[in-house]
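Coordinates in review
These are the residues of each chain, in order.
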Amino acid sequence: MSEAFTAAKVQMVQRQQQPPQPRQEEAVPILFLHDVERHYRQGDETLHVLSGVELALWAGQSVALVAPSGAGKSTLLHIAGLLEHADHGDVYIEGRSTAILADHERTRIRRNEIGFVYQSHHLLPEFSALENVLLPQMIRGLTRVEARSRAVELLEYLGLGRRLSHRPSELSGGEQQRVAIARAVANAPRVLLADEPTGNLDLHTAEHVFRALSQLVKASGLAAIIATHNMDLAARMDRRVTLREGKIVEMA
Ligand SMILES: Nc1ncnc2c1ncn2[C@@H]1O[C@H](COP(=O)(O)OP(=O)(O)O)[C@@H](O)[C@H]1O
Ligand SMILES: [Mg+2]
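Let me begin by describing the structure that accompanies this report. Not measured: the values here are computed from a predicted model. (Residues numbered from 1 in each chain as written. Chains lettered and ligands numbered in written order. Predicted model: local features only at pLDDT ≥ 70, side-chain atom pairs only at ≥ 80, totals over all residues. Heavy atoms only, no water.)

**Concerning the environment of glycine 81**
For clarity, the cut-off: Numbering of helices and strands runs from the N terminus; a helix is a DSSP stretch of H or I covering at least four residues, while a strand is a stretch of E covering at least two. Whether two residues are in contact is decided by their heavy atoms: any pair within 4.5 Å suffices.
Along the chain, glycine 81 turns up in the loop between α2 (73-80) and β4 (88-93). Separated by 32 residues in sequence, glycine 81 and glutamate 113 place their C-alpha atoms 9.2 Å apart. Aside from chain neighbours lying at most four places away, what touches glycine 81 is Arg110, Ile114, Phe116 and Leu193.

Structural data, given as C-alpha cells:
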C-alpha cells in the first residue's frame, strides 16, 4: 500500500533536487484527527486535555507541535498513533476510521503505517544498530536477508554507515537518536510521530538529528508530527500548530 521511502527518492534528495511536495489537492489526508477529545478523571475533578482536536496531514508534510509542558502533546501523539483511545472523535489513517476497529487491527495499522520516535531512544541495548533496525521488519515477517538491505540503506542515509555493528552504548546521543529514527521508519510507515525527539540533545546535535529527520520526511513522503520546544527547528517545518484550551491552533 505504501510507496514511502524508495531509493530513487532518497537519491533525489541527496542530489539536492526538489523533493516531493505536500499534495493537499489529494482528497484524503494520510492522518486526520477529527473532533478528538481526551479527559482524565482525578477524584472529583475532570481534566480536559483535548477538547475537539482537528488536524489533517498530507503526504510529505511535516507539522511542528509546539506547546508548553502539560498542554497535551504526548496525549495527542499517543491517540494519533493508536496507542490510546480518544474519549470522543476519531483518527483516520488514509481515510479509514480507526475508532471502531478491533485491537488487533489497530495494532496492525500501528505496526505497518505508523513510526514513533521518543525523547529517549529506547533502543534495545544488547543489539547492534543494524539489529535494532532489522527487528521491526522481521516482526512484520521479512527474512533477515530481506530486512538487511533496507536497514543498511536507512542507516547509511542517516550517516551511520560506519556504525552498523555498534551497540547503543557505543553510540553518541545524536547517533542513538538517528538509529531510533531509522527503526521508526524501517517498515515504511505513512505517518511518523516524534515526541520531543531532540529534547535530550545539545543544540548542535539537535540540529543535526532534526535535519536528518526532516530530509527523511520529505524524501519518503511521510506525514510527520514532531512535538518540540525548539522554535528554531519548528520554524523550518511546513506547518506549526499549538494546543490552546485543548484545541489545535495554527501558528504563523
Ligand atoms: N494517565 C494520565 N492520568 C491523569 N492525567 C494525565 C495522564 N496522562 C497525562 N495526564 C495529564 O494530561 C496533561 C497533558 O499531558 P501530556 O499529554 O503528557 O502533556 P505534554 O506532552 O504536552 O507535556 C497533563 O496535565 C498531565 O498531567
Ligand atoms: Mg510530553
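**Points about the packing of helix α4 (residues 129-140) against helix α6 (residues 173-184)**
Put simply, the rule reads: Axis lines are fitted to C-alpha atoms, over the contacting stretch for helices. Their N-to-C directions set the angle, which ranges from 0 to 180 degrees. Working rule for angles: under 35 degrees goes down as roughly parallel, over 145 as roughly antiparallel, 65 to 115 as roughly perpendicular, anything else as oblique. Helix crossings are classified by the rotation of the near helix relative to the far one: an anticlockwise turn of less than a right angle makes the crossing left-handed, while a clockwise turn makes it right-handed. Put simply, Ala, Val, Leu, Ile, Met, Phe, Trp, Tyr, Cys and Pro go in the nonpolar bin, Asp, Glu, Lys and Arg in the charged bin, and everything else, Gly too, in the polar bin.
Between α4 and α6, whose axes approach to 8 Å, the crossing angle comes to 20°. When the axis of α4 is compared with that of α6, the two are roughly parallel. With respect to the hand of their crossing, α4 and α6 are arranged in right-handed fashion. Residues Ala129, Asn132, Val133 and Pro136 of α4 lie in contact with α6, whose contacting residues are Val179, Ala182 and Arg183. When grouped by side-chain class, the residues that make up the contact of α4 with α6 number five nonpolar, one polar and one charged.

**Considerations on the site of ligand 1**
Using the following cut-off: We call a residue near a molecule or strand when any one of its heavy atoms sits within 4 Å of it. Pairing of N or O atoms within 3.5 Å defines a polar contact, subject to two protein rules: one partner must be a possible hydrogen donor and the other a possible acceptor, and residues neighboring in sequence count only if both atoms are side-chain atoms. Each accessible area is a Shrake-Rupley estimate made with a 1.4 Å probe; only the visible protein chains count as cover when residues are assessed.
Neighbouring ligand 1 are the residues Tyr40, Gln42, Leu47, Val49, Pro68, Ser69, Gly70, Ala71, Gly72, Lys73, Ser74 and Thr75. The backbone of glycine 70 places a nitrogen or oxygen atom 2.7 Å from an oxygen atom of ligand 1. In the model, an oxygen atom of ligand 1 is placed 2.9 Å from a nitrogen or oxygen of the serine 74 side chain. Protein burial of ligand 1: of its 560 Å² of free accessible surface, 62% is covered by the chains. Contributing elements (two or more residues each) for the shell around ligand 1: β1 (31-42), β2 (45-57) and α2. A total of three residues in the shell around ligand 1 trace back to one element, the largest contributor, which is α2. Among the residues making up the shell around ligand 1, the classes are represented as five nonpolar, six polar and one charged.

**Considering the pairing of β4**
Which entries qualify depends on this criterion: Any two strands are treated as partners once DSSP identifies two or more bridges connecting them.
Alignment of β1 against β4, held across five bridges, turns out to be antiparallel. Along β4, the bridge assignment pairs leucine 33 with valine 91. Looking at chain direction, β4 and strand β5 (residues 96-97) are connected through two bridges and run antiparallel. Counted as the bridge partner of tyrosine 92 is serine 97 from β5. Taken together, β4 and the strand that follows it, β5, pair antiparallel across an intervening segment of two residues, in which glutamate 94 is found at a positive phi of about 50°.

**So, the sheet that holds β1**
The strands that make up a sheet are held in pairs by hydrogen bonds between backbone atoms, and each pair lies either parallel or antiparallel. Within the open sheet, the four strands sit side by side as β2-β1-β4-β5. Their pairing is antiparallel. Each having just a single partner strand, β2 and β5 make up the two edges of the open sheet. Against the sheet, α2 contacts β1, β2 and β4, and its axis sits at roughly 125° relative to β1.

Remember that the coordinates give geometry; whether it matters functionally is a separate question.
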